[in-house]
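Each chain is listed here by its residues.
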Amino acid sequence: MANLKTHEKVIFEKLFDRSGYVLDFTDATFQEFFKEHHIDINHQKYHINGTSKMKRLRAFWQIESDETVGNVLLGLLQYAEVKSQVDQDDKKIALEVINKLLGKQAFQEPKEDNFINLEFSQLNLSLLAIDPQFERVIQQRVDEIEKSLKSGSALAVIFLCGSTLEGLLQDKATKHPKEFNSAKSAPKNKDGKVLPIHEWTLNALIDVAYETSYIEDDIKKFSSALRDFRNYIHPRQQAISNFNPDNHTAKISWQVLQATIASLSGQRK
């Protein structure tokens, strides 16, 4: 059972409860969100309060451990922030509770303005130590992203940044399988066995790359829009998710990709 006091539960009720719904999740996207955290939210044990999404979420934090609940609440908070569904003052309070659950000291949260103003103009792709053909493809995508940013094609930037990020992290994971497979956040099947790396989602790759110190905390924090980029490829799913990226979201996504390239190639100090 998570160590949440009554007033702390009220914080998350205020943040996430939408008359029994949780934010704007559908049944399918709610299940998919928890699946990314290796949880079957449709399991009978979460029906102790009822079957609505919010009632299952309440049962979840009644049943599960501090760490498990903390990670899920953090993911929900990041999701709400991407969808502009969270007040910044409420967010700060929620983060204090989440850090307590995760056993972390209070820390200075990476600030969006600082992140978006980082300069990566001198990135050298050759320092990534990838094969020449792969490097050429990455360079082509970087060029295309810059063109899309100038033309205001935000959705195209999201797709290009997301797929490129996934490719680079998967390449790193493939070259360091023991390190990635032994991470606590490595995705597992129902039998508890780590999935083959080629089956990992971008969400899993980001979490493990952060755990293994290949990327920094600001990359993990600001990668929210990219984590679900595959969902937005299909117009119907984009409509269901109510995802309408603007140039600001595109710029953050581009910063995430550049920061990752800098981290993976040792160009970020």
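The preceding data block contains the structure.
Note that the structure is predicted; figures quoted are calculated from it, not measured.

1. Considerations on the environment of Asp191
As for its placement among the helices and strands, Asp191 is situated in the loop between α9 (177–181) and α10 (202–211). Between the C-alpha atoms of Asp191 and Leu76, which are 115 residues apart in sequence, the distance is 26 Å.

2. Re the environment of His176
Note on placement: His176 falls in the loop between α8 (154–175) and α9. Engagement of the side chain of His176 in a polar contact is seen with the side chain of Tyr214, the distance being 3.5 Å.

3. So, the packing of helix α3 (residues 53–63) against helix α4 (residues 66–82)
A pair of packed helices is characterised by two quantities: the angle between their axes and the separation of those axes. Between α3 and α4, the least distance of the axes is 9 Å, while the angle of their chain directions is 145°. For the pair α3 and α4, the sense of crossing is left-handed. Residues Leu57, Phe60 and Trp61 of α3 form the contact with α4, whose participating residues are Thr68, Val69, Val72, Leu73 and Leu76.

4. Details of the packing of helix α7 (residues 132–151) against α8
Running from amino to carboxyl end, α7 crosses α8 at an angle of 155°, the nearest separation of the two axes being 9 Å. Compared by their axis directions, α7 and α8 come out roughly antiparallel. In terms of crossing hand, the pair formed by α7 and α8 is left-handed. Counting all contacts with α7, which are made through Phe134, Ile138, Arg141, Glu144, Ile145, Ser148 and Leu149, the residues of α8 involved are Ala156, Val157, Leu160, Cys161, Ser163, Thr164, Gly167, Leu168 and Asp171. When its residues are assigned to classes, the contact of α7 with α8 shows 9 nonpolar, 4 polar and 3 charged.

5. Points about the pattern of salt bridges
Under the defined criterion, the tally for this structure stands at 12 salt bridges. A salt bridge links Lys221 to Glu81; its shortest N-O distance comes to 3.6 Å. Of this pair, Lys221 sits in helix α11 (residues 217–221) while Glu81 sits in helix α4, and the two are 140 residues apart along the sequence. With a relative accessible area of 13%, Lys221 lands in the buried category. Residues Asp207 and Arg227 are paired through a salt bridge, measuring 3.0 Å at the closest nitrogen-oxygen approach. In this pair, Asp207 is assigned in helix α10 and Arg227 in helix α12 (residues 224–227), connecting sequence segments 20 residues apart.

About the thresholds
- Residues numbered from 1 in each chain as written.
- Predicted model: local features only at pLDDT ≥ 70, side-chain atom pairs only at ≥ 80, totals over all residues.
- Heavy atoms only, no water.
- Helix = DSSP H or I, 4+ residues; strand = E, 2+ residues; numbered from the N terminus.
- Polar contact = N/O pair within 3.5 Å; in protein donor to acceptor, adjacent residues only side chain to side chain.
- Axes fitted to C-alpha atoms, helices over the stretch in contact; angles between N-to-C directions.
- Left-handed = near helix turned anticlockwise from the far one by under 90°.
- Contact = heavy atoms within 4.5 Å.
- Parallel < 35°, antiparallel > 145°, perpendicular 65-115°, else oblique.
- Nonpolar A, V, L, I, M, F, W, Y, C, P; charged D, E, K, R; others polar.
- Salt bridge = Lys/Arg side-chain N within 4 Å of Asp/Glu carboxyl O.
- Buried < 20%, exposed > 50% of the residue type's maximum accessible area, 1.4 Å probe, protein only.

The quantities given are spatial measurements derived from coordinates; they are silent on function.
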